[in-house]
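Tertiary structure, described
Listed below are the residues making up each chain.
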Protein chains: 2
Amino acid sequence: MSSQRKPRGPYRKSAERREQILQAAYEAVDEHGERASLQDIAARVGVTQPALTYYFPTRDELLLAVLERRDVVGKALASAAGEGGSLVRAMAAGASLTTDHPGVAKLYVTLSAAATDPESPAHAYFAERYRRLAAEAEEGAAVQQRVGGIRADAPADHLSRVLIAVMDGLQLQWMHDPTVDIAAIAETFALLLVPPVGTEPEAKPAE
Amino acid sequence: MSSQRKPRGPYRKSAERREQILQAAYEAVDEHGERASLQDIAARVGVTQPALTYYFPTRDELLLAVLERRDVVGKALASAAGEGGSLVRAMAAGASLTTDHPGVAKLYVTLSAAATDPESPAHAYFAERYRRLAAEAEEGAAVQQRVGGIRADAPADHLSRVLIAVMDGLQLQWMHDPTVDIAAIAETFALLLVPPVGTEPEAKPAE
């Protein structure tokens, strides 16, 4: 069951079709925001709407899958840009996730807000998402603190929550006013995290 | 027309009634979030629903007035706590605005997200609100930079946008998980703004 072999045959085909639908949904949402219709998405893939619901039983599930994909893309972007530990470039890359795909960003902002209602179908999804993001960011922050990439005089779990808040909050400001240069502002925030002079970690003993 | 005399007679009575309705709406929203009904609000004041619409023609206008009131309260709280320039206490006071009045916070989060849609009736209101908040925070940041209250090595307009983002973003995280101590995290953020040693502004010449 835990085989790492590449799936083949009907299963692989099914995974490919699911991926096509998800990609089409991403594009449709990017163009039309949360108003993107299942009909439009099905048409982009060339399948019927019932075929679409075979992969994503409800519209909510498909939209949440789009946001999950956005998180994956964002993580990849930030980690590629932050190669070598540049938080400044990682923050700017995170901002581009908003400005390059405003329709998906709008879906994220709207669903995340609506999901604060415990009765929302997306409530559990977002609660878990924030927990996971915060844990990942905390781990990243702790590593950067050890190597002197960011200041070590603040708790890593607080810094991770602040970082997520800055990205969410700047995204919201940009949607209200697209002239706000959120990439530049995110870079300024990253500079606040640079270790103050004299607080660098001690050099590692030579091996 | 620009007389500063205290309003009296029918006008004063009308202003008082408007204030009562606004206060009742604030409490109703605090208890029921955006689901607060006009019927409930009218009942709290002891007026009919038509009397209520004399002061606030639409439900949207009343809800936005509640959010405007929230901003006024938040500003007063932050400025009282920040007396003497303590950004740390001001940030914690801002966080209490969320945790003490979750229903109103939820209305803010939901309407602010929905208003990113240019077709939303609240779109112009929020765009203007963010512009005003950012301008006010920038002015406050510039003053603090001159007196050495916060670091001067980052642009004041960027810091103001980051500060608003942190408050918005932490609020959202708290609504998804009320165990997150956003007051403590906001204080950690404020500490990031403390001027690094050796960057204090030059002492003012003696008079």
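Keep in mind the model is a prediction, meaning the values are calculated, not measured. Along each chain, the written sequence defines residue order, and numbers are assigned to residues from 1. Just so you know, chain letters begin at A and ligand numbers begin at 1, following the order they were written in. Local features in this predicted model are restricted to residues of pLDDT 70 or higher, and side-chain atom pairs are both shown and tallied only at a pLDDT of 80 or more, whereas totals for entire chains, interfaces and linings draw on every residue. The side-chain figures draw on all heavy atoms in the structure; neither hydrogens nor water molecules are used.

By the criteria applied, helices consist of DSSP H or I runs no shorter than four residues and strands consist of E runs no shorter than two, each listed in order from the N terminus. What chain A contains, in helices and strands, is 9 helices and 0 strands. For chain A, the succession of helices and strands along the chain, N to C, is α-α-α-α-α-α-α-α-α. Reported as C-alpha extents along the three principal axes, the dimensions of chain A are approximately 65 × 45 × 30 Å. Remark: exposure states derive from per-residue accessible area (1.4 Å probe, protein chains only) relative to the maximum for the residue type, with buried under 20%, exposed over 50%, and partly exposed in between. Counting all 207 residues of chain A, 45% fall into the buried class. Here a residue-residue contact requires only that any non-hydrogen atoms of the pair lie within 4.5 Å. Put simply, of all contacts in chain A between residues at least 6 apart along the chain, 64% involve residues at least 24 apart. Separation between the mean location of the 22 positive side-chain charges and that of the 28 negative ones in chain A comes to 9 Å. Positive: Lys, Arg. Negative: Asp, Glu. His and the chain ends are not part of the count. Charged side chains are reduced to one point each, which is NZ for Lys, CZ for Arg, CG for Asp and CD for Glu.

Attention now goes to the nonpolar core. Ranked by internal contacts, the top residues of the largest apolar core, which has 114 residues, are Phe-126 and Phe-189 of chain A together with Phe-126 and Phe-189 of chain B. In contact with Phe-126 of chain A, other than residues within four places in its own chain, are Leu-64, Leu-67, Tyr-108, Leu-111, Ser-112 and Ala-115 of chain A together with His-176 of chain B. Buried Ala, Val, Leu, Ile, Met, Phe, Trp, Tyr and Cys residues form a nonpolar core when they are joined through side-chain atoms within 4.5 Å.

Attention shifts here to the UniProt feature "DNA-binding region" (unreviewed entry) in chain A. UniProt positions are given in the numbering used here, feature names are shortened, and annotations may be inferred rather than shown by experiment. UniProt marks residues 37–56 of chain A with the feature "DNA-binding region" (unreviewed entry), using the numbering shown here. For residues 37–56 of chain A, the helix share is 75%, the strand share is 0%, and the end-to-end C-alpha distance is 14 Å.

What follows covers the packing of aromatic side chains. Working definition: a ring pair exists when centres of Phe, Tyr or Trp rings (six-membered ring for Trp) sit within 6.5 Å. Plane angles under 30 degrees give stacked, over 60 give edge-to-face, the rest tilted. Per the counting criterion, the structure on display carries 6 aromatic pairs over all chains. Plain terms: the ring middles of Tyr-54 of chain A and Tyr-55 of chain A are 4.9 Å apart, the flat faces sit at 90° to each other, and that makes the pair edge-to-face. Of the residues examined, Tyr-54 of chain A reaches a relative accessible area of 62% and is grouped as exposed. With centroids separated by 6.3 Å and ring planes inclined at 55°, the aromatic side chains of Tyr-108 of chain A and Phe-126 of chain A adopt a geometry described as tilted. Of this pair, Tyr-108 of chain A sits in helix H6 (residues 102–114) while Phe-126 of chain A sits in helix H7 (residues 123–146), and the two are 18 residues apart along the sequence. Among the residues examined, Tyr-108 of chain A registers a relative accessible area of 3% and is labelled buried. An aromatic cluster of at least three residues, connected via ring pairs, comprises Tyr-108, Tyr-125 and Phe-126 of chain A. Ring-over charges, as used throughout, are those where CZ of Arg or NZ of Lys falls within 6 Å of the ring centre and within 35 degrees of the ring normal. One cation-aromatic arrangement involves Arg-129 of chain B over Tyr-130 of chain B; the distance from NZ or CZ to the ring centre is 5.1 Å.

On to the relation of the copies chain B and chain A. In this comparison the copies share one frame, found by least squares on the C-alpha atoms of residues holding pLDDT of at least 70 in both. The operation relating chain B to chain A is a screw motion whose rotation component is 180°, with 0.0 Å of axial translation and a residual RMSD of 0.0 Å. Accordingly, the operation relating the two chain copies is best matched by a two-fold axis. Same-surface contact between copies: 100% of interface residues of chain B are shared with the interface of chain A.

Taking 1.5 Å of rise per residue, the 25 residues of helix H7 (residues 123–147) of chain B would be expected to cover 36 Å, and the 37 Å separating its terminal C-alpha atoms lies within 8% of that figure. Taken together, the buried positions of H7 of chain B are His-123, Tyr-125, Phe-126, Ala-127, Arg-129, Tyr-130, Ala-134, Ala-141 and Gln-145 of chain B. In this structure, the buried side of H7 of chain B is in contact with helix H8 (156–176) of chain A together with helix H4 (59–81), helix H6 (102–114) and helix H8 (156–176) of chain B. One or two residues past the end of H7 of chain B sits Gly-148 of chain B, with phi positive at roughly 85°. One less than the number of residues in a helix, times 1.5 Å, gives the span that helix is expected to have.

Bringing the domain arrangement of chain A into the picture now. All names here are of chain A. Structurally, chain A comprises domain 1 (8–57) and domain 2 (64–192). How far each domain reaches was decided by an automatic or database domain assignment. The straight-line distance from the C-alpha centre of domain 1 to that of domain 2 is 26 Å. Domain 1 puts 10 residues into the contact, and the matching count from domain 2 is 12 residues. Here the quantity called buried area is the total loss of accessible area, with a 1.4 Å probe, experienced by two parts when brought into contact, counted for both. Buried area between domain 1 and domain 2, both sides added, is near 1,000 Å², and the carbon and sulfur share of it is 65%. Of all residues in domain 1, the largest losses of buried area upon contact with domain 2 belong to Tyr-26, Asp-30 and Glu-34, amounting jointly to 59% of the total for that side. Only one rule defines a salt bridge in this text: a Lys or Arg side-chain nitrogen within 4 Å of an Asp or Glu carboxyl oxygen. Applying the counting rule to domain 1 against domain 2 returns 1 salt bridge. Notably, a salt bridge pairs Glu-19 with Arg-69, separated by 2.8 Å at the nearest N-O pair. Whenever a nitrogen or oxygen atom comes within 3.5 Å of another N or O atom, the pair is scored as a polar contact, on the condition that within protein one atom can donate a hydrogen and the other can accept it, and that pairs from neighbouring residues in sequence are kept only if both atoms are in side chains. One can count 3 residue pairs in polar contact (both at pLDDT 80 or more) joining domain 1 with domain 2. Of the residues contributing to the side of domain 1 that touches domain 2, the split by class is 5 nonpolar, 2 polar and 3 charged. Three categories are distinguished: nonpolar for Ala, Val, Leu, Ile, Met, Phe, Trp, Tyr, Cys and Pro, charged for Asp, Glu, Lys and Arg, and polar for the others, with Gly belonging to the last.

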